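Chain and residue survey
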Amino acid sequence: MFLPDLRLRGACLGCALWVAACASPLPEPAPPAAPTATPNPAPLPPPAQPEAPSALSYGLVTSQVRKGETTQLELVQLFGSPNITSYDTAGIETWVYERTATQTDVQARSEAARGAANLGAFFGSGSAGASVEGGRSASTGTARTSVRSITVIVKFAPDKTVSDYSVRASYF
């Protein structure tokens, strides 16, 4: 008998605490803070744009690059950064530009064959008839991939102007 009374007393005590907690008033919310003057933050710079592919072509190189005149800065403005830079044993700086583009041309061809029979009888100016059509179609395609590649090698004089250059372009 002692244990059931203890359990009952514990359950009643728990219920009483729960009811008391539910009946107690909620705390008052804190008053809103007085507005403060905050300086406008500086605008964020725009996100960095990925470097666009340069318009490196055989014609552009041969028309724009002049020995003894074109500077390194002008080359970077025209073609972007080189892929390779090096110095030989004589201290001559050399830049190498390499660009490759792959292009795939897909050509689709569709063939269709249709058979039709038209049965009809014409009476005076009116017509009466039945039509039956059947067909099949087939599609074929071909893909052709081509690769264009250009390599430009530029050597510089001590004053950072082009002393010599060579251009090799291939298409296969």
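Residues numbered from 1 in each chain as written. Predicted model: local features only at pLDDT ≥ 70, side-chain atom pairs only at ≥ 80, totals over all residues. Heavy atoms only, no water.

1. Comments concerning the pattern of salt bridges
A full pass over the atoms with the stated rule returns 3 salt bridges. The partner of Lys67 in a salt bridge is Asp164, and the shortest N-O contact between them spans 3.1 Å. Remark: Asp164 occurs in strand 4 (residues 162-171) and Lys67 occurs in the loop between helix 2 (58-64) and helix 3 (72-79); sequence separation between them is 97 residues. Assessed through its relative accessible area of 35%, Asp164 is described here as partly exposed. Between Asp105 and Arg144 there is a salt bridge, with the nearest N and O atoms lying 3.8 Å from each other. Of the two residues, Asp105 sits in strand 2 (residues 93-123) while Arg144 sits in strand 3 (residues 126-156), which places them 39 residues apart along the sequence. The class of Asp105 is partly exposed, set by a relative accessible area of 32%. Using a relative accessible area of 53% as the deciding quantity, one classes Arg144 as exposed. (Salt bridge = Lys/Arg side-chain N within 4 Å of Asp/Glu carboxyl O. Helix = DSSP H or I, 4+ residues; strand = E, 2+ residues; numbered from the N terminus. Buried < 20%, exposed > 50% of the residue type's maximum accessible area, 1.4 Å probe, protein only.)

2. A closer look at helix 3
Note that an α-helix has 3.6 residues per turn; residues three or four places apart therefore point the same way. Regarding helix 3, the residues found buried are Gln72, Leu75 and Phe79. Angular distribution of buried residues about the axis of helix 3 spans 55°; they occupy a single face of the element. Of the exposed residues in helix 3, those oriented more than 90 degrees away from the buried face are Leu73 and Gln77. The first or second residue beyond helix 3 is Gly80, which carries a positive phi of 85°. (Arc of directions from axis to C-beta.)

3. Focus: the packing of aromatic side chains
When we look at a pair of aromatic rings, we describe it by the centre distance and by the angle of the planes. Enumeration according to the criterion identifies 3 aromatic pairs in this entry. Ring geometry for Trp95 versus Tyr97: centroids 6.5 Å apart, planes at 70°, classification edge-to-face. Since its relative accessible area comes to 0%, Tyr97 is described here as buried. Between Trp95 and Phe156, the aromatic rings sit 4.8 Å apart at their centres with planes inclined by 70°, giving edge-to-face as the arrangement. Of this pair, Trp95 sits in strand 2 while Phe156 sits in strand 3, and the two are 61 residues apart along the sequence. Each member of the pair, Trp95 together with Phe156, is buried. These aromatic residues form a ring-pair network of at least three members: Phe79, Trp95, Tyr97 and Phe156. (Phe/Tyr/Trp six-rings, centres within 6.5 Å; stacked < 30°, edge-to-face > 60°.)

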